[in-house]
Amino acid sequence: MLSKINKSLQGILLILLIASLASCSQEPENKLPNIVYIICDDLGYGDVQCLNPEKGKIKTPQIDALSAESMTFTDAHSGSSVCTPTRYGVLTGRYAWRSRLQDGVLGGGQEFEPLIADDQLTVPALLKKAGYQTAAMGKWHLGFAVNDAEGNPVDVYQGKRRPGPAPVGSIVPNGPITRGFDTYLGFHHSASMETVIKDGKVIKNMPTIKMLQFLGKNASQYIAEKAKEDNPFFLYLALNSPHTPIVPSEAWQGKSGMSPYCDFVMETDDVVGQVIDALKENGVDENTLVFFTSDNGCSYPAARGGKLEKEFGHYPSAQYRGSKSDIWEGGHRVPFIAKWTGKIEAGSKNDHLICLTSLLGTCAEITGIQIPEDAGEDSYSILSMLKDKEVASPYEAVIHHSIQGKFSIRRGKWKLELCPGSGGWSGPNDKQARKQGLPEIQLYNLENDEAEQNNVFQDYPEVVEELKAELVSLVENGRTTKGAVKQNDVEVDIYKSDK
């Protein structure tokens with residue numbers, strides 16, 4: 001009898017031990033997630049097949065598979081229709097037109113002066129306060145100097161219009177590792193892609209055709225290394241593709257059957273798949289929040305968008321008007337996919353309005369770190385939206401900006417544009433529009449005119465005045481979030497009618 005009781009007790013103890021071990025192996029409920037932010041360069045909304053099933057002819061199986069495991073946003077917008085200002089907004093939660101950069105991108109020597117102030121709060125700096133390891137890989141294009149060992153500036157232009165590679169051993173004294181990142185591996189911008197920088201030093205020069213796979217390989221290695229550690233990590237992966245130079249590697253050349261640009265998009269898709277696979281293979285997929293997006297729309301001149309549409313039926317901007325550089329939707333409506341297993345509903349779709357300035361606010365809410373009142377001026381957390389697709393967006397209005405610095409404001413179904421044309425490269429540009437006698441203001445009802453074909457500004461003068469007043473207020477207040485009024489870094493010319 002005692003023998004049977006002892007055996008029963010042993011069985012119970014064994015069950016309790018197994019249950020205890022199982023509970024120990026589970027992730028704590030409050031464990032902070034790893035965060036991976038993949039931002040492509042000039043990838044159009046319509047270049048992702050699952051976002052453009054009827055007019056998208058490029059195969060993107062990896063991104064499509066990611067979407068099936070994620071929440072896919074259909075009304076997400078970059079902070080600008082060109083790259084430098086969007087990247088500034090992603091990392092600071094502040095529209096870049098509040099800084100010295102009033103139009104275009106950093107170039108012509110401006111790229112040697114950082115756009116992010118050295119005391120400005122950034123996403124990686126905030127996450128470090130919560131114990132994160134932070135890494136940036138790929139394109140920076142937010143300004144840094146290149147000096148020799150003695151601290152003298154290196155002339156990478158050497159009388160040419162575009163910069164050449166910097167000598168190995170050159171020093172980068174004010175790059176990403178001075179703006180919150182523990183480590184950096186990448187290049188400054190597309191015109192200097194041969195120069196590979198590790199942390200604060202040029203470590204080598206290599207052919208641009210190798211850069212995309214180089215980034216995929218190193219991102220995967222970083223994930224494998226950090227998966228072995230206890231601290232969460234943040235990886236900001238800024239791919240060089242499919243921006244010019246359009247250089248698909250040999251294995252991908254001709255894969256699309258359409259053009260080198262389409263080949264490059266397919267290779268970009270492959271690299272995204274490599275990163276997602278690395279998360280799964282290293283056992284950190286379930287506790288990693290992944291964001292996938294682009295810095296602006298497709299560059300139609302570089303991609304030969306008109307030819308793709310006419311000959312192959314591929315529309316890089318899907319049903320939207322315009323492309324990179326423009327104030328129209330094709331310039332700044334971008335792919336945005338968010339994956340967090342168990343927290344975000346797989347295969348869900350979100351049609352609410354958001355902006356890429358959201359990352360700082362979202363990370364602050366995840367970690368519980370409060371954003372100081374003088375930081376994150378345009379950053380709202382979208383965490384509640386990620387967890388419930390029915391939750392309304394905190395972005396009641398989003399401000400758009402073109403390459404020429406032309407402004408637009410979006411609220412609900414209404415979009416007001418303070419320029420007569422595209423505000424960018426697409427025709428009619430503003431000069432062409434004025435020659436055609438087009439009005440200086442455009443108002444579109446995106447609910448029934450998502451292609452922005454019917455300018456109704458004369459029919460709704462009260463909407464025009466309301467949106468104009470709101471835009472002026474949001475610009476002059478120095479912030480769109482709640483808080484004390486702030487000064488922009490420079491005076492902002494909203495109308496720019498001389499351009």
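Residues numbered from 1 in each chain as written. Predicted model: local features only at pLDDT ≥ 70, side-chain atom pairs only at ≥ 80, totals over all residues. Heavy atoms only, no water.

1. Quick word on the overall build of the chain
Link 1 in the chain: Secondary structure summary: the chain contains 13 helices and 16 strands in total.
Link 2 in the chain: Against the globule reference of 23 Å for 499 residues, the chain gives a C-alpha radius of gyration of 24 Å, in line with a compact fold.
Link 3 in the chain: If one aligns the C-alpha atoms of the chain with their principal axes, the spans along those axes are about 100 × 60 × 55 Å.
Link 4 in the chain: Counting the 499 residues in the chain, one finds 58% classified as buried.
Link 5 in the chain: Long-range contacts, defined as pairs at least 24 residues apart, comprise 72% of the intrachain contacts of the chain with a sequence gap of at least 6.
Link 6 in the chain: Total accessible area computed for the chain in this model is approximately 20,700 Å², and 50% of it derives from carbon and sulfur atoms. (Helix = DSSP H or I, 4+ residues; strand = E, 2+ residues; numbered from the N terminus. Rg over C-alpha atoms; globule rule 2.2 N^0.38 Å. Buried < 20%, exposed > 50% of the residue type's maximum accessible area, 1.4 Å probe, protein only. Contact = heavy atoms within 4.5 Å. Areas by Shrake-Rupley, 256 points an atom, 1.4 Å probe, with all protein chains shown as cover.)

2. Comments concerning unusual backbone geometry
Link 1 in the chain: Following S241, the chain continues into P242 via a peptide bond in cis, with omega recorded as 0°.
Link 2 in the chain: Looking at the element boundaries, P242 is found in strand β8 (residues 233-242).
Link 3 in the chain: Across the junction of T244 and P245, the peptide omega takes the value -5°, indicating a cis bond.
Link 4 in the chain: Summarising the element assignment, P245 is placed in the loop between β8 and α6 (260-281).
Link 5 in the chain: Notably, A318 is not glycine yet its phi reads approximately 55°, a positive angle.
Link 6 in the chain: Its location among the elements puts A318 in the loop between α8 (305-312) and α9 (329-332).

3. Let's talk about the nonpolar core
Link 1 in the chain: Counting residues in hydrophobic clusters, the biggest one holds 79 residues, and the most contacted among them are Y37, F234, Y236, F291 and F336.
Link 2 in the chain: When residues in this core are grouped by element, the largest group, six residues, is from helix α13 (residues 461-476).
Link 3 in the chain: Counting residues in hydrophobic clusters, the runner-up holds 52 residues, among them V36, I38, I223 and L308. (Core = buried A, V, L, I, M, F, W, Y, C linked by side-chain atoms within 4.5 Å.)

4. Remarks on the sheet that holds strand β10 (residues 336-339)
Link 1 in the chain: Spatially, 10 strands are ordered β7-β6-β5-β4-β8-β1-β9-β10-β2-β11 in an open sheet, and the strand pairing comes out mixed. On the outer flanks of this sheet lie β7 (201-205) and β11 (348-350), each paired with one strand and no other. Between one strand and the next, the sheet's axes are offset by a mean angle of 15°, whatever the strand orientation.
Link 2 in the chain: Pairing of strand β2 (residues 71-73) with β11, which is carried by three bridges, proceeds in the parallel orientation. The residue bridging T72 from the neighbouring strand is K349, located in β11. (Pairing = 2+ DSSP bridges. Axes fitted to C-alpha atoms, helices over the stretch in contact; angles between N-to-C directions.)

5. Section: a negative patch on the surface
Link 1 in the chain: A contiguous patch of negative charge on the surface is contributed by D118, D119, E373 and D374.
Link 2 in the chain: Secondary-structure assignment places D119 in the loop between α3 (83-92) and α4 (123-129). (Patch = residues over 30% accessible without salt bridge, like charges linked within 9 Å, V, L, I, M, F, W, Y side chains within 5 Å. Salt bridge = Lys/Arg side-chain N within 4 Å of Asp/Glu carboxyl O. Lys, Arg positive; Asp, Glu negative; His and termini not counted. Charge placed at Lys NZ, Arg CZ, Asp CG, Glu CD.)

6. Digging into the environment of E345
Link 1 in the chain: Residue position: E345 is located in the loop between β10 and β11.
Link 2 in the chain: Its relative accessible area of 43% is what places E345 among the partly exposed residues.
Link 3 in the chain: Separated by 29 residues in sequence, E345 and D374 have C-alpha atoms that sit 34 Å apart.
Link 4 in the chain: Sequence-distant contacts of E345, that is, excluding residues within four places in its chain, are made with S70, M71 and K389.

7. Describing α6
Link 1 in the chain: In this model α6 runs 31 Å from its N-terminal to its C-terminal C-alpha over 22 residues, within 8% of the 32 Å that 1.5 Å per residue would give.
Link 2 in the chain: Counting buried positions along α6 yields 16 of 22 residues, so the element is predominantly enclosed.
Link 3 in the chain: Within two residues after α6, G283 carries a phi angle of roughly 70°, on the positive side. (Expected span 1.5 Å × (residues − 1).)

8. Let's talk about the packing of helix α5 (residues 211-226) against α6
The angle between the axes and the distance between the axes are what describe a pair of packed helices.
Link 1 in the chain: Remark: α5 packs on α6, axes separated minimally by 8 Å, with the N-to-C direction vectors making an angle of 10°. By the criterion of interaxial angle, the relationship of α5 to α6 is roughly parallel. Note on element contacts: α6 touches α5 through F264, E267, T268, D270, V271, Q274, V275, A278 and L279, opposite L212, Q213, G216, K217, A219, S220 and I223.
Link 2 in the chain: Along the lines of polarity and charge, the residues of the contact of α5 with α6 split into eight nonpolar, five polar and three charged. (Parallel < 35°, antiparallel > 145°, perpendicular 65-115°, else oblique. Nonpolar A, V, L, I, M, F, W, Y, C, P; charged D, E, K, R; others polar.)

9. Brief notes about the packing of aromatic side chains
Link 1 in the chain: A full pass over the atoms with the stated rule returns 15 aromatic pairs.
Link 2 in the chain: Pairing F181 with F234 gives two aromatic rings, centres 6.1 Å apart and planes at 15°, and the pair type is stacked. With F181 in the loop between β4 (133-139) and β5 (183-187) and F234 in strand β8, this residue pair connects regions lying 53 residues apart in the sequence.
Link 3 in the chain: The exposure class assigned to F234 is buried, which follows from its relative accessible area of 0%. (Phe/Tyr/Trp six-rings, centres within 6.5 Å; stacked < 30°, edge-to-face > 60°.)

10. A look at the pattern of salt bridges
Link 1 in the chain: Going through the model one piece at a time under the given rule, you end up with 26 salt bridges.
Link 2 in the chain: Linking E345 and K389 is a salt bridge whose minimum nitrogen-to-oxygen distance equals 3.7 Å. One end of the pair, E345, is in the loop between β10 and β11; the other, K389, is in the loop between α11 (383-387) and β13 (398-401), with 44 residues separating them in the sequence.
Link 3 in the chain: What makes K389 partly exposed here is its relative accessible area of 30%.
Link 4 in the chain: Two residues, R411 and E396, come together in a salt bridge whose shortest N-O distance is 3.7 Å. Highlighted residues: R411 in strand β14 (residues 407-411) and E396 in the loop between α11 and β13, separated in sequence by 15 residues.
Link 5 in the chain: Classification of R411 as partly exposed rests on a relative accessible area of 31%.
Link 6 in the chain: Owing to a relative accessible area of 54%, E396 belongs among the exposed residues under this scheme.
Link 7 in the chain: Each of D75, E329, R333, R410, K415, E417 and E452 takes part in a single network of salt bridges with overlapping partners.

11. Comments concerning the side chain of D263
Link 1 in the chain: On the secondary structure map, D263 appears in helix α6.
Link 2 in the chain: At 9.2 Å, K255 is the nearest oppositely charged side chain to D263, a buried residue that forms no salt bridge.

12. Considerations on the confidence of the model for the chain
Link 1 in the chain: Taken over all residues, the pLDDT of the chain has a mean of 94, while the share at 70 or more is 94%.
Link 2 in the chain: The low-confidence segment residues 12-27, where pLDDT is below 50, has zero contacts with residues more than four positions distant or belonging to other chains. (pLDDT = per-residue confidence, 0-100.)

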